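Close look at the chain arrangement
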There are 2 protein chains.
Amino acid sequence: MTADIITIGDEILIGQILDTNSQFIASEFTKSGINIRHILSISDSEHAIINSLDLSVGKVDFVILTGGLGPTNDDITKNTLLNYFGGQLITHQKTLELITRFFAKRGKQVTDRNRKQAEVPDSCSVLLNRCGTAPGMIFLREKTILFALPGVPFEMKELLINEILPFIRKKYSLPVILQRTILIEGVPESTLADKLKDWEENLTEFIKVAYLPSPGLLRLRLSISGTNINELNNRLNKEVQYIINLIGENVVFGFDNDSLEQVIGKLLINKGLTLSVAESCTGGNISHLITSVPGSSKYFKGSIVAYSNEIKSNHLNIPKETIEKYGAVSHEVAEYMAKGVMKFANSDCAIATTGIAGPDGGTKEKPVGTVCISVIFEDKIISRKFLFGDNRERNIIKASLSALNMLRNLIKVEQ
Amino acid sequence: MTADIITIGDEILIGQILDTNSQFIASEFTKSGINIRHILSISDSEHAIINSLDLSVGKVDFVILTGGLGPTNDDITKNTLLNYFGGQLITHQKTLELITRFFAKRGKQVTDRNRKQAEVPDSCSVLLNRCGTAPGMIFLREKTILFALPGVPFEMKELLINEILPFIRKKYSLPVILQRTILIEGVPESTLADKLKDWEENLTEFIKVAYLPSPGLLRLRLSISGTNINELNNRLNKEVQYIINLIGENVVFGFDNDSLEQVIGKLLINKGLTLSVAESCTGGNISHLITSVPGSSKYFKGSIVAYSNEIKSNHLNIPKETIEKYGAVSHEVAEYMAKGVMKFANSDCAIATTGIAGPDGGTKEKPVGTVCISVIFEDKIISRKFLFGDNRERNIIKASLSALNMLRNLIKVEQ
């Protein structure tokens, strides 16, 4: 089955906003086995909307059209669809009730302008919008079903996931497509591709693999399609386990929407452990990631961001001679920092980072991107030296993720 | 003048990547006075490419087409353009030289596959690509000029800014459009709109205003178009100054691409001051923002992330009775934290935050979103209490930006 996506809005064409709706719809339709033929963004003009409909109606099974359903004068999508598909405007009672309740809940009066949002062409079926005031609409012409949705992302998403995809699945037998994303830290894309080469070459065509890299992270997405959900699930589990065995548990920190900081949070809660951090080159980013997780105050005690050597020696008890002898960016200093902050915060485990994020500060022996990381848990301490790249932002992200994964591996092993 | 944008790539249609190229091109063309008629994303297929060209050629002045120019088998844009515009492939010597140098610099041999990238239809003019291996191409049919560019964002941007826009400006007299974006902290969009209502109503049609909100920040973009660049510049400066006078210097922290952390970095360097931070609810985010600026080690000494009350009382010298009496989220504690970290780090000024980021931890007196912030410089201390919203991520961002702007106002005033 095929679909076209049409997004309507002058703000897209002048580059004021990024059209993220199309990516979301394309991803969800692809997962459901529907191929997207094209994505078209057009202005809030009747002429442009009608042209875009002529390009799609009769040529694809589905059209998803978003935007231009709001209450202001520049929102002309509804009247254009009325002209295109025929019929006349009628008030949709259930929508009017929803709108009235929507404003009552916020202690506001319903205006005539709001009330008009409950009017729909009698040539469409209505999709109730439980997150906003503009209802979705379904039109049919030739073989094409057109879904018109509001452009506000969370309203569009709610209608797509809870109304449109179930509607399509009920009407048509779509292939079953399962996806699992393996989350990998610290393995370059090319290295992983080399390791998976033989496996990939022997895959059947029902399994597809996508490499989705971002700084320090690699998401490997497996998609499998067929008809029997149990068989597909078993096969997917088998392939995922094969890959984990091949590349090692230490680099695989989670699946799908997990984040490293969430995974660590759960581990710490399960084991009843507390954490502290001493950050030099990561400058607070590790603490920021950890505290971005709701409930992190249960296991996170705090940090010292020791940007100056003065703080390193005064408050993390690093002997000045150690800094002078080995340099601030060294295993020795990282280990002192980890021990020092563990004592400072009275925590069970700790992370420490020291490095040269760049763009300045590099030397021949320690170029920009050199980072030393130590993680400590009770009397076990592990240290590693990394050489990342020359981009400050990426170096901070990569060092933060490497440090979190080192901690995960240390406390995961220790029972 | 009008233009269409065409982006080519299966990865866009399956929702694997977000098409950010289109927004960039749309924004740059709009700034140059060229109207975008539509943005079309299609698959790597000859049929789809030719259909998309038929929709644009002869109907708009310019077409910008990106993607599908790489060296692998799924990149078919070049051969499709050859079939569409006619001619035959010839080797472009200057491009071949660039490619050879590109690989030599990386210590790699040029392969046949790389060499083929220097082949172009003799029906086009070549745009030299100094950032990658695929050259840009210019074709002409009817009244339409088509620019074909690689899809890699930084290669596309370089060619658009340094080659295509100068090429168009040389050939056509485009209107002069100047933009200035005023960066505002801590003012809700509706409040600003109310303040600017009279001013907006009396604007001439040559000045356009866009409100671009993001958590804690509001960017107000003014665009002015005409023919005389000096007159436009004077007028724009006058309007910008009028707005600053109206809303107050304290909330305007910069212009265009400034960030609050960069502005503060410059202020601290100019005044020869050092900074430290004590973070509770912001959890390291303020330190992270400050250290994201290259060279921040010149003025940033470090931080304490005091997530536990234990760290607050042990290391920031906050009397336990103060925490018990006023609560950890209070002016009193924030002020102790600011004084404590200034002493801890031996810095000239300091920031402290304590609050309830959410989703848990709120009470009737101090609901989720309550944040107390203190900033201190020598013997001057200023404290404010905020009530943000119920979203943890947004609360952390808003508290961080408010804290940075409070510091900016404190040290800006103190000479």
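Here's what I pulled together on the structure shown here. Fair warning: this is a prediction, and the values are worked out from it, not measured in the lab.

Calculation criteria
Residue positions are given per chain, counting from 1 as you read along its sequence in written order. Starting at A for chains and at 1 for ligands, labels are handed out in the order in which the entities are written. Where totals are concerned, whole chains, interfaces and linings use all residues; where local detail is concerned, this predicted model gives features only for residues with pLDDT of at least 70, and gives and counts side-chain atom pairs only at 80 or more. With hydrogens and water stripped out, all remaining heavy atoms of the structure feed into the side-chain values. For helices, the fitted line uses only the C-alpha atoms of the stretch in contact; every axis is such a line through C-alpha atoms, and the angle between N-to-C directions lies from 0 to 180 degrees. Counting from the N terminus, the helices are DSSP H or I runs at least four residues long and the strands are E runs at least two residues long. Throughout this description, any angle smaller than 35 degrees is read as roughly parallel, any larger than 145 degrees as roughly antiparallel, any in the 65 to 115 degree range as roughly perpendicular, and the remainder as oblique. For a crossing to be left-handed, the near helix must be turned anticlockwise from the far one by less than a right angle; the clockwise case is right-handed. What makes two residues a contact is simply this: any of their non-hydrogen atoms within 4.5 Å. In this count, Pro and Cys sit with the nonpolar residues alongside Ala, Val, Leu, Ile, Met, Phe, Trp and Tyr, while Asp, Glu, Lys and Arg are called charged and the others, Gly among them, polar. Nine residue types can take part in a nonpolar core, namely buried Ala, Val, Leu, Ile, Met, Phe, Trp, Tyr and Cys, and a core is a set of them joined through side-chain atoms within 4.5 Å. Buried means the residue's accessible area, taken with a 1.4 Å probe over protein chains only, is under 20% of the maximum for its type, while exposed means over 50%, and partly exposed covers the values in between. For any pair of parts, buried area is found by adding up, for both, the accessible area (1.4 Å probe) each one loses once the two are put together. Within this document, salt bridges are pairs made up of a side-chain nitrogen of Lys or Arg and a carboxyl oxygen of Asp or Glu, the two lying within 4 Å of each other. What sets the superposition is a least-squares fit of C-alpha atoms, and only residues with pLDDT of at least 70 in both copies go into it. Pairing between two strands is assigned when DSSP locates at least 2 bridges connecting them. Planes of paired rings set the category: under 30 degrees apart is stacked, over 60 is edge-to-face and the rest tilted, where pairs are Phe, Tyr or Trp rings (Trp by its six-membered ring) whose centres lie within 6.5 Å. Expected span, for any helix, means 1.5 Å times one less than how many residues it has.

Some words on the packing of helix α10 (residues 260–271) of chain B against helix α15 (residues 392–413) of chain B
Residues and elements named next belong to chain B. Where α10 meets α15, the axes come as close as 10 Å, and the angle between the chain directions of the two elements is 30°. The angle between α10 and α15 falls in the class roughly parallel. The handedness of the crossing between α10 and α15 comes out as left-handed. Of the residues in α15, those touching α10 at L260, E261, V263, I264, L267, L268 and K271 are L401, L404, N405, L407, R408, I411 and K412. Residue composition of the contact of α10 with α15, grouped by class: nine nonpolar, one polar and four charged.

What to know about the nonpolar core
Formed by 44 residues in total, the largest nonpolar core has its most connected members in L53(A), L81(A), L146(A), L53(B), L81(B) and L146(B). Once residues lying within four places of it in the same chain are set aside, the contact partners of L81(A) are L53(A), L65(A), G86(A), M137(A), F139(A), L146(A) and A148(A).

Focus: the interface of chain B and chain A
For an interface, size is often stated in terms of accessible area lost upon the parts coming together. Residue-level contacts link 56 residues of chain B with 56 residues of chain A. Around 4200 Å² of area is buried between chain B and chain A when both sides are counted, 58% of it from carbon and sulfur atoms. Remark: the boundary between chain B and chain A carries two salt bridges. E310(A) serves as the salt-bridge partner of K301(B), at 2.8 Å between the closest nitrogen and oxygen.

Some points on the relation of the copies chain B and chain A
When chain B is fitted to chain A, the best match, at an RMSD of 0.2 Å, comes from turning it 180° and sliding it 0.2 Å along the axis. This pairing of chains is accounted for by a two-fold axis. An overlap of 100% is found between the interface residues of chain B and their copies at the interface of chain A, pointing to a shared contact surface.

A short note on the sheet that holds strand β8 (residues 144–149) of chain A
Strand order across the open sheet formed by 12 strands is β6(A)-β7(A)-β8(A)-β3(A)-β1(A)-β2(A)-β2(B)-β1(B)-β3(B)-β8(B)-β7(B)-β6(B), with mixed pairing between neighbours. On the outer flanks of this sheet lie β6 (125–127) of chain A together with β6 (125–127) of chain B, each paired with one strand and no other. Each strand axis lies, on average, 20° off the axis of its neighbour in the sheet, ignoring direction. With five bridges connecting them, strand β2 (residues 35–42) of chain A and strand β2 (residues 35–42) of chain B associate as antiparallel partners. Note on β2(B): the bridge partner recorded for S41(A) is I39(B). Seen against the sheet, helix α4 (residues 77–85) of chain B touches β1 (2–8), β3 (62–66), β7 (136–141) and β8 (144–149) of chain B and runs at an angle of roughly 20° to β7(B).

Observations regarding the packing of aromatic side chains
Residues and elements named next belong to chain A. All told, the structure shown has 17 aromatic pairs over all chains when counted by the stated rule. Their ring planes at 35° and their centres at 6.3 Å tell us that F62 and F147 sit as a pair that is tilted. Here the residue F62 occupies a position in strand β3 (residues 62–66), and F147 occupies one in strand β8, the gap between them amounting to 85 residues. Note on accessibility: F62 and F147 belong to one class, buried.

Description of the pattern of salt bridges
All names here are of chain B. All told, the structure shown has 16 salt bridges over all chains when counted by the stated rule. E119 serves as the salt-bridge partner of K116, at 3.9 Å between the closest nitrogen and oxygen. The class of K116 is exposed, set by a relative accessible area of 51%.

With respect to the environment of K116(A)
Here K116(A) is to be found in the loop between α6 (112–115) and β5 (119–121). Separated by 233 residues in the primary sequence, K116(A) and C349(A) place their C-alpha atoms 60 Å from one another.

Quick notes on the sheet that holds strand β11 (residues 217–226) of chain B
Residues and elements named next belong to chain B. Within the open sheet, the four strands sit side by side as β10-β11-β9-β12. Their pairing is antiparallel. Unpaired on one side and paired on the other, β10 (207–214) and β12 (252–255) mark the two borders of the sheet. Strand-to-strand twist of the sheet, defined as the mean angle between neighbouring strand axes without regard to direction, takes the value 20°. Both strand β9 (residues 176–185) and β11 contribute to a ladder of 10 bridges, which runs antiparallel. Bridged to I184 within β11 is L218.

With respect to α10(B)
Residues and elements named next belong to chain B. The end-to-end C-alpha distance of α10, which contains 12 residues, comes to 17 Å, matching closely the 16 Å that a straight helix rising 1.5 Å per residue would cover. Among the residues making up α10, those that are buried are L260, E261, V263, I264, G265, L267 and L268. Just downstream of α10 lies G272, where phi reads positive at about 65°.

Section: the side chain of S43(A)
Relative to the assigned elements, S43(A) resides in the loop between β2 and α3 (46–56). Given a relative accessible area of 18%, S43(A) falls into the buried group. With sequence-adjacent residues up to four places away left out, S43(A) is seen in contact with I8(A), G9(A), D10(A), L13(A), A48(A), I49(A) and R37(B).

Re the pairing of strand β17 (residues 380–387) of chain B
Residue and element names in this part refer to chain B. Looking at chain direction, strand β16 (residues 370–377) and β17 are connected through eight bridges and run antiparallel. Directly across from T370, in β17, lies its bridge partner L387. The antiparallel hairpin formed by β16 and β17 contains two residues in its connecting segment, where E378 sits at a positive phi of about 50°.

A few points about the environment of F386(A)
Residues and elements named next belong to chain A. With respect to the secondary-structure elements, F386 resides in strand β17 (residues 380–387). Once the C-alpha coordinates of F386 and F103 are considered, the two residues, 283 residues apart in sequence, prove to be 56 Å apart. Ignoring sequence-local partners within four residues, the contact set of F386 consists of G369, T370, V371, I373, S402 and M406.

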